[in-house]
Structure formats: C-alpha cells, structure tokens
Amino acid sequence: MSVVEIIRFAVRGLIANRLRSLLTMLGIIIGIAAVILLTALGNGASQYIQGQIAGLGANSITVLPRQPPDTAGTDGRPLTQGDVRALADPQGAPDVASVSPVVSLQGTTVEAGRARTDATIIGSTPSYFPGANIQLGTGRVYTEADVTAGRKVILLGRTVADDLFGVGSDPVGQDVLVRGVPFDVIGTLAPAGQGQGLSNPDENVLAPLTAVQGSLTGFGDLTQIVVQARSTEAQAAAESEINSILDRRHGIDVPDNRDYQVLSARQLADVLDDTLGAFTLLLAAIAAISLVVGGIGITNIMLVSVTERTREIGIRKALGAPPSAILGQFLVESIILSVVGGVLGVAVGYAGTLVPLGDFRPVVLPSAVVAAVGVSAAIGIFFGAYPARRAARLRPIEALRRE
Amino acid sequence: MTAGTGTAPLEQVPHVLDVRKLSKVYGSGETAVHALRDVDLTVRRGEYVAVIGQSGSGKSTLLNMLGCLDAPTSGRYLLEGLDVADLDERQQAVLRNRQIGFIFQAFNLIPRTSALANVELPLVYAGVGRRVRRERAQAALSLVGLQGREDQRPNQLSGGQQQRVAVARALVTTPALLLADEPTGNLDSASTRDVLGLFDRLHAAGRTIVLITHDDEVAERAERVVVVSDGRLTEARARR
Ligand SMILES: Nc1ncnc2c1ncn2[C@@H]1O[C@H](COP(=O)(O)OP(=O)(O)OP(=O)(O)O)[C@@H](O)[C@H]1O
Ligand SMILES: [Mg+2]
C-alpha cells in the first residue's frame, strides 16, 4: 500500500468528518494565533515605548535634590542658581549645551472666568523647552526678556487649555489666574498624549522662572535643574561633569553621600527595558499556556477521533489492513490537521496584528511563528500517533465490537 | 474429527482449514462464557460447509476465529497448513487480505464512504492499482446486482443492498476461502436466490465456502452441514 494511498485515505477521513476536523483545527488556529499575536503585542509595545523614550529627549538630564542617606534629619544642600551658573560654565562642563533652573508647584489652582482646574506650574527659562523636549502648540514660547523682566506670561498644557477654555480652543491673548495672580496666556503646548515621561505634560502650565518665583514660590531653592547635553553621545560625559561640579560645590566626598540625584532618559530607558523584558516574558508565558491548551485540545480530539472510529479500524483490519497502514492513516490525518491549522493560525495571528491598537502596532516575531507552528505540529503528531498506535494494535474483532 | 465420510482418502486431501481442540472463553471467573468447547473441524479445499445452530450457540465465534479476526483461548488453528498463532500481525493482515473473504453478520461497511470505495478497500490494501481496482470493484458490484449504485453511501442503501455490498467486498479479491456469517439474513427470497446462486458458482469454481445460516433452504445447498450447540460441534450430515 503506497504513501499516496495512505494520504488519500487520510484526506477522505478528514473530509468525511468535516465538523470534527474543523473544530480540531480551530483549537490549533487559536493557539498559534494567540502566540503570534501576544508576542507581537509585547514586541510592538516595547518598540513603541522605546520610541517614546527617545521622544523624551535623549539628551536631557535632570538634577533633583535628595536627602543624603547617612545624614538622616539634616537636609542636604539645596539646588541653587549658583549651581546653575557653575553647570553653565563651558570651562567646567564642556559637554553641557544648556542649563535650565526649574521651580515647580503641583496642585496649583488655575482659573479663567468661572472655569478652574488644578495644574502643575513650572517656572524656568526658554532653554527648558528644548532641554525637556517640550513642543509648542499655538502662540509663542516666553523669551529671555520675559524672564529678565519677570513678565507674568504663561503657556498652557493641552488638558489645562481644554478644561479652562473648551476642547480644542486657542486661548492665546486671554487671561488666567494662577492662585489668584493674573497671567497672560501667550501659547499652548502640543498635546503630548498620556504618559510621555513620568508626569503628564498636558497638565502642566509653563511660565518664566522669575514670574513664578516672584508671585508664587519666592526666590528660594530650585525644584530641579534640567541640563541638555551637546549630543546623545556626550550624555555620559555631561553626567560625570555635572557630578564633579556639584560634588565640589556641595562638599561631597563619596557618591553615596550625594544630596542630589542625576536622572536621564538614558537611565530611564534602561529601567524600562528591563520592565518591558518582563512584560514580554509574561505575554510569552500566556501565549505558551494557550498553545498547551490548544495542544490538549488536539490530543483530546485525536483520542475521540480514533476511539469513535475504532469500528472502522476493525473493518479495515478485517479486510487486511496492516498495522502500519492504520497508523499511517491516522498519523497523516493529524499531520494534515496540524499543518493546515498551523498555516491558518499564522494567517489569523498575522491578520490580528494588522489591527491598529491606539498609537502602536504589534510587530510579529518570526521566532514566535516558528516556535508556535513547530510546537503545535509536534503536539499534533505525537498525540495523534499515540491513540492511532493503540488502535492499530487491537485485534480486529475487539475493534469491531466497540460501538 | 474429520468430515466427508466416504470421500477420497483424507491424508491425501490438503485441508484448507484444520481446527484442533479449539476453545474460546469470554471473560473470566464467575462471568466466564464458554462460547466454544474443544471444537475439532477440518475443511477440504473446495468444500462448501454450512454451519447451523441456535442463536448464541457460538457460530459467529467460530467463524471469527477461522477468519483470523480473533484468537482462541486454547487449541490450534491451521490455515493452509500454517499455524495462525505463529504469524505476526502483518502476516495475519496479509493472510486476511489475500486468502479470506469475510462477510459479516452486521455488514460492517465503512460509514460515509461510497459503496464502490467500500468494495475497493481490500484491493487497496492488496496494493492493486487505481484503475484495475475500480474495474474489479465495479464488476463485483454488478455481480451482486448493484450496478448504478456505486456512489451511494451505506446509509443511503437498504439493508439487503448493504448486505450485497458486503458480499461484493468479500468477493472482490477472489479469495480461496469465503467465510460468510448469515449472508442472506437480510435479503428477500429473490436476492437470497441470487446470492446463493453466486455461491454455487464460486463453489463450482473451486472456492472453499463456510457459511453460517438459520435458513434450512440455504443449508440445503451446502455439501456438508455442521451443527454448533452450546459451543460444541457435531456433524449433521454429509451429502453428495
Ligand atoms: N465479546 C463477548 N463477550 C462475552 N460473551 C460473548 C462475546 N461474544 C459472544 N459472546 C457469547 O458467546 C456466545 C456465542 O456467541 P456467538 O456470537 O458466537 O453466537 P451465534 O451462534 O453467532 O449467535 P447468533 O445466531 O445469534 O448470531 C453467546 O452466549 C454470547 O453471549
Ligand atoms: Mg452470530
């Protein structure tokens, strides 16, 4: 009996039991599609977030004050304008492009007529915009002159503008009250979308440093200093220059005792990379589980299929089918099921990745495709072979007696 | 025990079937059923034997054993001088395929498969090519009067038609030994006559036939009738 004959029997068997064949394949299709889709989601999310981090301004470095660990109770030295001037010195810090002193106040009430909302007000200098990678929406950015004169001009984040003046409005030229102090709106920020960086820039309002200090915070310490490195490559060098200058100015002997902290998008990217790795692993685990569940489905249906057709096997044996022909027929059936199911599963999974999800698109991992198809084929063949082998060994009359 | 009293010297006649002290017990312990008890039977080449007996007496059990579909609990069974117990699975499959045509009491057609494909099946396992297979299967179907019904499936055929497909399937390989378990049980008198006529011709052509029946008219046609009662075999009569 030839292989062609065996394949013909297998195909005929599958067609004769259309519904069952389809259901079996459905299990495989879902399993494989799930693996491809979930890993593609993880991969796409990872690429998307990496893109977002790049958008944060790869050259941006933030210096924050912090409590030195072994001086509990006594505050460290705050960040001051003196620090800003020292960092801006091209002699001491040749890799620094710009330095922006920042004061900020969270939960500040902003009002326009009857409308009011809470925002974070950030006072800084014009170099803060490129330094923190803030994009202008409408109007203009405040200037050095505005800072020098302490003019009460303000730029609103998109959410704040929407809350106060209506969705999509352009409030340039209007007035707002920030904790009762009037400011002229000179611009809005481009919508950043949720979750760019650690806080939401859409909920910020930006004004000249001097105006914020003069009317709201007083001329005291800085909340943070935003430094822009000359280039992405110069970032590490800029970070160490910042460390050495501030260590000297703050009298720090060992890095552990620092009363300030240097953060950069580079570091953030490292942390997020780790997080994303774990996230992708989680998705892969879920996908693997769905594949196993699919595999159990195949096994189950193969067992049912063979059991249900034990009588047919008995007839075939009685007519002189050798055990190898019986085994071959069922093996080929399960191979066809897993291969066709596998191909369809890849197609469905791939089609699923074409559906755009918000801003990011899933990216198919070729290795996941190979693994999913390989595993399901292996499961199908192994678990198809087992019941078929058992059936092929039955005595014809025993097989015939099964109903 | 041998049969054919008054015929040629037994030693010189090759026995197609030679059954010695064959027993079959189903189950064990309290519920054990002794379906066959120490049955001896020899059948010469070309003999036409009818097996009769009450329902549940063990006829089918015996025939299954003769068809290598089941293994005895004890005793020996020689087919063409070969001890079947010595053959492995594959060899037994070849034996069933080439030597034996088996007609089941319950037809045993493969469901959802056309009459033609059912009849072709033994030829497929014999390795016969497609075209030849088709021709021979069609010829076998016309022999049982089913030409034109090749593409019908078992569930689209009457009981008698299914029986005849089963007969065609058993004949298609032109086996030397034909074993039939009530082949006319589901046929009307006309079809019965057709099938029995067919058996007569096969017998005349030298085939060995062992047939189970309840019908005296059917048993009439055989050269020899053996009776199974309660698992024991007795010779009823020898004719011709
Ligand atoms: N698989 C089995 N398990 C247990 N007992 C069985 C089995 N098959 C048959 N028997 C018993 O063996 C005995 C002989 O059965 P068998 O089928 O050979 O009878 P039969 O002579 O062919 O009857 P019928 O004319 O009704 O077909 C019966 O008592 C039956 O109950
Ligand atoms: Mg019976």
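Note that this is a predicted model, so its numbers are computed, not measured. (Residues numbered from 1 in each chain as written. Chains lettered and ligands numbered in written order. Predicted model: local features only at pLDDT ≥ 70, side-chain atom pairs only at ≥ 80, totals over all residues. Heavy atoms only, no water.)

## Here we look at the overall build of chain B
In terms of helices and strands, chain B carries 7 helices and 10 strands. Each of the 240 residues in chain B was classed as buried or not, and the buried ones make up 54%. (Helix = DSSP H or I, 4+ residues; strand = E, 2+ residues; numbered from the N terminus. Buried < 20%, exposed > 50% of the residue type's maximum accessible area, 1.4 Å probe, protein only.)

## Side note on the coordination of the magnesium ion (ligand 2)
The textbook angles at a metal center are 109.5 degrees for a tetrahedron of four donors and 90 or 180 degrees for an octahedron of six. Residues and elements named next belong to chain B. Bound to the magnesium ion (ligand 2) are the protein donor atoms Ser60 (OG) and Gln105 (OE1), situated 1.9 to 2.5 Å from the metal. Taken together, the residues Ser60 in helix α1 (residues 59–66) and Gln105 in the loop between β6 (100–103) and α3 (115–126) connect sequence positions 45 residues apart. For Ser60, a relative accessible area of 24% puts it in the partly exposed group. The exposure class assigned to Gln105 is partly exposed, which follows from its relative accessible area of 41%. (Donors = N, O, S within 2.8 Å, 3.2 Å for Na, K, Ca; no water.)

## Notes on the interface of chain A and chain B
Opposite the 28 residues of chain A that make contact, chain B presents 26 residues. Taken over both partners, the interface formed by chain A and chain B buries close to 2,300 Å², and the fraction arising from carbon and sulfur atoms is 58%. Counting across the interface, chain A meets chain B through 4 salt bridges. B:Asp70 is the partner of A:Arg395 in a salt bridge, and the nearest nitrogen-oxygen pair spans 2.8 Å. Summed over the shared surface of chain A and chain B, the result is 10 residue pairs in polar contact (both at pLDDT 80 or more). (Contact = heavy atoms within 4.5 Å. Buried area = accessible area lost by both parts, 1.4 Å probe. Salt bridge = Lys/Arg side-chain N within 4 Å of Asp/Glu carboxyl O. Polar contact = N/O pair within 3.5 Å; in protein donor to acceptor, adjacent residues only side chain to side chain.)

## Details of the site of ligand 1
In the region of ligand 1, 15 residues are neighbours, and B:Ser55, B:Gly56, B:Lys59, B:Ser60 and B:Thr61 sit closest. The site occupied by ligand 1 is bordered by residues of chains A and B. In this structure, a nitrogen atom belonging to ligand 1 sits 3.2 Å away from a side-chain N or O atom of A:Arg401. For ligand 1, an oxygen atom lies 3.0 Å from a polar atom in the side chain of B:Gln105. (Near = heavy atom within 4 Å.)

## Remarks on α3(B)
Burial runs high along α3(B): 11 of the 12 residues are buried. Within α3(B), burial applies to B:Ala115, B:Leu116, B:Ala117, B:Asn118, B:Val119, B:Glu120, B:Leu121, B:Pro122, B:Leu123, B:Val124 and B:Tyr125. Those residues of α3(B) hidden inside the fold are in contact with α1 (3–16), α10 (310–318) and α11 (323–353) of chain A together with α2 (89–98), α4 (130–143) and α5 (159–171) of chain B. Looking one or two places after α3(B), you find B:Gly127, whose phi comes out positive at around 85 degrees.

## Quick word on the pairing of strand β10 (residues 260–264) of chain A
Residues and elements named next belong to chain A. Here β10 shows a clear split, with Tyr260, Val262 and Ser264 buried on one side and none of Gln261 and Leu263 buried on the other. As paired elements, strand β1 (residues 60–65) and β10 share 5 bridges and run antiparallel to each other. Counterpart to Pro65 in the pairing with β10 is Tyr260. (Pairing = 2+ DSSP bridges.)

## So, the nonpolar core
A general tendency of soluble globular proteins is for nonpolar side chains to be buried together. B:Leu17, B:Leu62, B:Leu66, B:Tyr77, B:Leu79, B:Leu179 and B:Val210 are the most contacted members of the largest nonpolar core, which has 50 residues in total. Those residues in contact with B:Leu62 that lie beyond four places of it in its chain are B:Leu22, B:Leu36, B:Val39, B:Leu41 and B:Leu233. With 41 residues, the next largest nonpolar core counts A:Ile61, A:Val185, A:Val227 and A:Leu246 among its residues. (Core = buried A, V, L, I, M, F, W, Y, C linked by side-chain atoms within 4.5 Å.)

## Side note on the environment of A:Ala269
Here A:Ala269 shows up in helix α9 (residues 265–308). Sequence separation of A:Ala269 and A:Gly51 is 218 residues, and the distance between their C-alpha atoms is 9.9 Å.

## Re the sheet that holds strand β4 (residues 74–79) of chain B
Residues and elements named next belong to chain B. Reading across the sheet, the 4 strands line up as β2-β1-β4-β5 and stay open at both edges, with antiparallel pairing between neighbours. Looking at strand neighbours, the two that pair on one side only are β2 (33–44) and β5 (82–83), the edges of this open sheet. Bridge count between strand β1 (residues 15–26) and β4: 5 bridges; the pairing is antiparallel. Residue pairing across strands places Leu17 opposite Leu79, the latter belonging to β4. On top of the sheet, α1 reaches β1, β2 and β4; it is set at about 125 degrees to β1, its chief contact. (Axes fitted to C-alpha atoms, helices over the stretch in contact; angles between N-to-C directions.)

## Comments concerning the environment of A:Ala145
Within the element layout of this structure, A:Ala145 appears in helix α5 (residues 144–149). Between the C-alpha atoms of A:Ala145 and A:Pro126, which are 19 residues apart in sequence, the distance is 9.8 Å.

## Observations concerning the packing of aromatic side chains
According to the stated counting rule, one finds 4 aromatic pairs over all chains in the structure shown. Here A:Phe9 and B:Tyr125 contribute two aromatic rings whose centre-to-centre distance is 5.8 Å and whose plane-to-plane angle is 45 degrees, an arrangement assigned as tilted. Taken as a pair, A:Phe9 in helix α1 and B:Tyr125 in helix α3 lie in two separate chains rather than in one. Where B:Phe102 meets B:Phe104, the ring centres are 4.8 Å apart and the plane angle is 40 degrees; that geometry is what we call tilted. Exposure remark for B:Phe104: the relative accessible area of 6% places this residue in the buried category. (Phe/Tyr/Trp six-rings, centres within 6.5 Å; stacked < 30°, edge-to-face > 60°.)

## Observations regarding the pairing of strand β7 (residues 181–189) of chain A
Residue and element names in this part refer to chain A. Along β7, 7 of the 9 residues are buried, which leaves the element largely enclosed by surrounding structure. Here strand β4 (residues 136–139) pairs with β7 via 3 bridges, running antiparallel. Bridge pairing in β7 links Leu136 to Leu189. Bridging between strand β5 (residues 153–156) and β7 involves 4 bridges; their strand directions are parallel. Counted as the bridge partner of Leu156 is Thr188 from β7.

## A closer look at a nonpolar patch on the surface
Residue and element names in this part refer to chain A. A cluster of nonpolar side chains, contributed by Val3, Ile7, Val11 and Ile15, occupies part of the molecular surface with about 320 Å² of accessible area. By the secondary structure assignment, Val3 is in helix α1. The exposed category is assigned to Val3, whose relative accessible area is 59%. (Patch = residues over 30% accessible without salt bridge, like charges linked within 9 Å, V, L, I, M, F, W, Y side chains within 5 Å. Areas by Shrake-Rupley, 256 points an atom, 1.4 Å probe, with all protein chains shown as cover.)

## Quick notes on the confidence of the model for chain B
All names here are of chain B. Summary statistics for chain B give a mean pLDDT of 89 and a share of 92% for residues scoring 70 or more. Here residues 1–10 scores under 50 on pLDDT; set against residues more than four positions off or in separate chains, the count is 18 contacts. Here the predicted complex scores 0.67 on pTM and 0.90 on ipTM. (pLDDT = per-residue confidence, 0-100.)

## Remarks on unusual backbone geometry
Residue and element names in this part refer to chain B. Within the chain, Lys21 stands out as a residue other than glycine whose phi angle is a positive 45 degrees. Here the phi dihedral of Glu182 falls at roughly 50 degrees; this positive angle occurs in a residue that is not glycine. With respect to the helices and strands, Glu182 occurs in the loop between β7 (177–181) and α6 (189–204).

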